[in-house]
Amino acid sequence: MTQARRHPQDAPDGTGANPVEVSGEFQVKLPDGAVLRAFSQGQGRPLLLVSGLAGSAAFWDDNAATLARSFRVLRFDQRGIGASDRGNAPCTIEQLAKDCLAVLDAADIERATVLGHSTGGCIGLALARQVPARLDGLILSGSWLKQNRYMAALFETRLAILDQHPRAYAATAALMAYPPTWLEAHWSVYETAVAAAPDTPEAKQVVRERIDALRAFDASAWAGELVPPTLILGARDDMIVPAFLQEELAAAMPGARKTLLDTGGHFFPISRPDAFTANVAEWIGAL
């Protein structure tokens, strides 16, 4: 495992040769005391996967296995999620973007394509603004440009449910995230989501602060100025981040390519994995 990026002076001849190679699980130590659990698999062009509100590397399990046939795929549990410590830095989209940069540094990756789903797309946008020279490309999956009335009402309701009934919070999230016919045929996905409900005060606080962070995010003043090539992905039947928000995002980023799947729900990377990974691989291959 590696815990820090190797700088040029760390090489035997001082030239920066012999970079650290990371394979499997590794740790990323952050200045505020957080330690992130990260994973690297495959070889090829680097691809960093950034999950959404739930913040778990496990969201990408199936997609990562497929994409690792063509790319070096990195993913991680975000701060306070899974096996990653919370640390004491404020939870903002900008801080979560800095955490992504720390993962790239720990893996000794100078440039990568960044793929963010949902809240992960907001994090990707912030990262592209912070360090545009570090991104070969940006993929925004089921994401958005800024808060709107629909999302404000949705997340106010979800917060109220979280406070009163965490299992209902997890249940409604799963019911909204997938097409009903798909979820019926994969009911263990629902059961797993409910079993992982944020039912401790600490877990509730992590969810609450992450929702506050995504609600405060607004890229409308600068998204159109971003340098990295961008792909916008969405699903027309998404009930959490509806397709009109991907349309809004594309309108704000005139150079971006937009692809909308007819079905898949909000978690279309899981319910439509073949279509999702094919679109991702084709677009990166054309960069």
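What counts, and where the lines are drawn
- Residues numbered from 1 in each chain as written.
- Predicted model: local features only at pLDDT ≥ 70, side-chain atom pairs only at ≥ 80, totals over all residues.
- Heavy atoms only, no water.
- Helix = DSSP H or I, 4+ residues; strand = E, 2+ residues; numbered from the N terminus.
- Expected span 1.5 Å × (residues − 1).
- Buried < 20%, exposed > 50% of the residue type's maximum accessible area, 1.4 Å probe, protein only.
- Contact = heavy atoms within 4.5 Å.
- Polar contact = N/O pair within 3.5 Å; in protein donor to acceptor, adjacent residues only side chain to side chain.
- Core = buried A, V, L, I, M, F, W, Y, C linked by side-chain atoms within 4.5 Å.
- Pairing = 2+ DSSP bridges.
- Axes fitted to C-alpha atoms, helices over the stretch in contact; angles between N-to-C directions.
- Salt bridge = Lys/Arg side-chain N within 4 Å of Asp/Glu carboxyl O.

Let us now look at helix 3 (residues 119-130). Between the first and last C-alpha of helix 3 there are 17 Å, a value that for twelve residues agrees with the 16 Å anticipated at 1.5 Å per step. With respect to burial, helix 3 is a largely interior element, ten of its twelve residues being buried. Every buried residue of helix 3 is accounted for by T119, G120, G121, C122, I123, G124, L125, A126, L127 and A128. Where helix 3 is buried, its residues touch strand 3 (45-50), helix 2 (93-106), strand 5 (112-117), strand 6 (135-141), helix 8 (201-216) and helix 9 (243-252).

Structurally, D99 is set in helix 2. Separated by 2.7 Å, the side chains of D99 and R79 make a polar contact. Here D99 is in contact with L30, L36 and R79, once residues within four sequence places are set aside.

You can see S40 is positioned in strand 2 (residues 35-41). We classify S40 as buried; its relative accessible area is 4%. Sequence separation between S40 and A286 is 246 residues, and the spatial gap between their C-alpha atoms is 23 Å. A polar side-chain atom of S40 sits 3.2 Å from a polar atom in the side chain of R72.

Its identity as a non-glycine residue notwithstanding, D108 has a phi of 60 degrees, on the positive side. With a phi angle near 60 degrees, S118 is a residue other than glycine that sits in the positive phi range. Within the fold, S118 resides in the loop between strand 5 and helix 3. What makes S118 buried here is its relative accessible area of 7%.

Glancing now at the nonpolar core. In this structure, F26, V28, L48, V103, L125 and L127 are the most contacted members of the largest nonpolar core, which totals 67 residues. Counting residues per element, this core draws most heavily on helix 2, at nine residues. The next biggest cluster of nonpolar side chains, apart from the first, holds 20 residues, and it includes L49, L115, I139 and L231.

Let us now look at the sheet that holds strand 8 (residues 257-261). What the eight strands build is an open sheet, ordered 1-2-4-3-5-6-7-8; its pairing is mixed. The sheet is open, and its two edges are formed by strand 1 (24-29) and strand 8, each paired on a single side. Here the strands of the sheet are splayed against their neighbours by 20 degrees on average, with no regard to which way each runs. Where strand 3 meets strand 4 (residues 71-76), four bridges bridge the pair, whose relative direction is parallel. Its bridge partner being in strand 4, R45 is matched across the sheet by F71. On top of the sheet, helix 9 reaches strand 6, strand 7 (230-235) and strand 8; it is set at about 165 degrees to strand 7, its chief contact.

This part is about the pattern of salt bridges. Taken as a whole and judged by the stated rule, the model has 13 salt bridges. One salt bridge in this structure joins D32 and R79, with 2.7 Å as the shortest N-O distance. Placement of D32 in the loop between strand 1 and strand 2 and of R79 in the loop between strand 4 and helix 2 is noted, with a sequence separation of 47 residues between them. Each member of the salt-bridge network shares a partner with another, and the members are D32, R79 and D99.

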